[in-house]
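Residue strings, one per chain:
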Amino acid sequence: MPDKENKMPRPKKGPRLASSPAHERLMLANMATSLFQNGRITTTLPKAKRLRPLAERLITFAKRGDLHSRRRVMRVIRNKSVVHALFTVIAEQMEQREGGYTRIVKLAPRQGDNAAMAVIELVTEPVSPKKAAVKEAEAAVKVAEAKAEEAVEAPVEETATEEVAAE
């Protein structure tokens with residue numbers, strides 16, 4: 001029987017940003033709160049990369065807008081005014097966007113310790129109409145191809161029925 005006392009808790013995968021998982025979770029929650037309050041924050045590149053999936057998941061919850069989603073967001077972001085802004089203002093801005101709600105821009109290294117710095121910001125520009133037009137054009141091409149295939153198949157069936165009628 002394995003000895004349970006010798007089992008040490010280990011992180012799931014990869015290095016942690018802080019000394020413990022709880023500290024990392026709180027730090028990411030604070031950074032997400034600041035991001036939604038200010039629209040952009042300057043931090044180190046590894047922290048920005050760890051924050052991005054969390055922030056995008058919270059925005060996806062906000063786009064759903066139901067009570068369960070609000071409560072799940074409240075688990076991470078404890079500030080009710082920030083959660084309200086996320087569900088009303090930010091979710092409305094991101095309504096047309098299917099993903100990619102945040103952008104990370106690299107900056108020059110920090111002066112004191114030469115740490116890689118970055119700005120993580122919310123993407124507030126509207127979705128490009130060019131991309132929407134391309135999707136509509138692709139859909140139109142598929143519809144045209146389907147009609148062309150039906151038109152090719154239809155005369156073959158008519159000639160077969162005419163031959164049967166002639167006999």
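Reading guide: rules and limits
Residues numbered from 1 in each chain as written. Predicted model: local features only at pLDDT ≥ 70, side-chain atom pairs only at ≥ 80, totals over all residues. Heavy atoms only, no water. UniProt positions renumbered as here; feature names shortened; annotations may be inferred. Salt bridge = Lys/Arg side-chain N within 4 Å of Asp/Glu carboxyl O. Helix = DSSP H or I, 4+ residues; strand = E, 2+ residues; numbered from the N terminus. Buried < 20%, exposed > 50% of the residue type's maximum accessible area, 1.4 Å probe, protein only. Polar contact = N/O pair within 3.5 Å; in protein donor to acceptor, adjacent residues only side chain to side chain. Contact = heavy atoms within 4.5 Å.

An unreviewed UniProt entry annotates the protein as Large ribosomal subunit protein bL17 originating from Alloscardovia omnicolens F0580. Regarding the protein, the UniProt comment filed under Sequence similarities (unreviewed entry) reads as follows: "Belongs to the bacterial ribosomal protein bL17 family."

**Student:** Can you help me understand the pattern of salt bridges in this one?
**Tutor:** Across all of its chains, the model carries six salt bridges by this definition. A salt bridge links R40 to E121, with the shortest nitrogen-to-oxygen separation between them at 2.6 Å. Pair noted here: R40 is in strand β1 (residues 40–44) and E121 is in strand β3 (residues 117–122), with a separation of 81 residues, a long-range link. For R40, a relative accessible area of 48% corresponds to the partly exposed category. Looking at E121, the relative accessible area reads 11%, which means it is buried. We note a salt bridge from D113 to R110, for which the minimum N-O separation is 3.0 Å. Residue R110 is classed as partly exposed on the basis of its relative accessible area, which comes to 36%. It is possible to trace a salt-bridge network through shared partners that takes in R40, R103, E121 and E125.

**Student:** Help me understand the side chain of E56 in this model?
**Tutor:** Within the element layout of this structure, E56 appears in helix α2 (residues 45–64). A distance of 2.8 Å separates the side chain of E56 from the side chain of T102, its partner in a polar contact. Among all residues touching E56, those that are not within four sequence positions of it are G100, Y101 and T102.

**Student:** How do you make sense of the environment of N38 when you look at a structure like this?
**Tutor:** If you trace the backbone, N38 turns up in helix α1 (residues 21–38). Given the relative accessible area of 55%, N38 is considered exposed.

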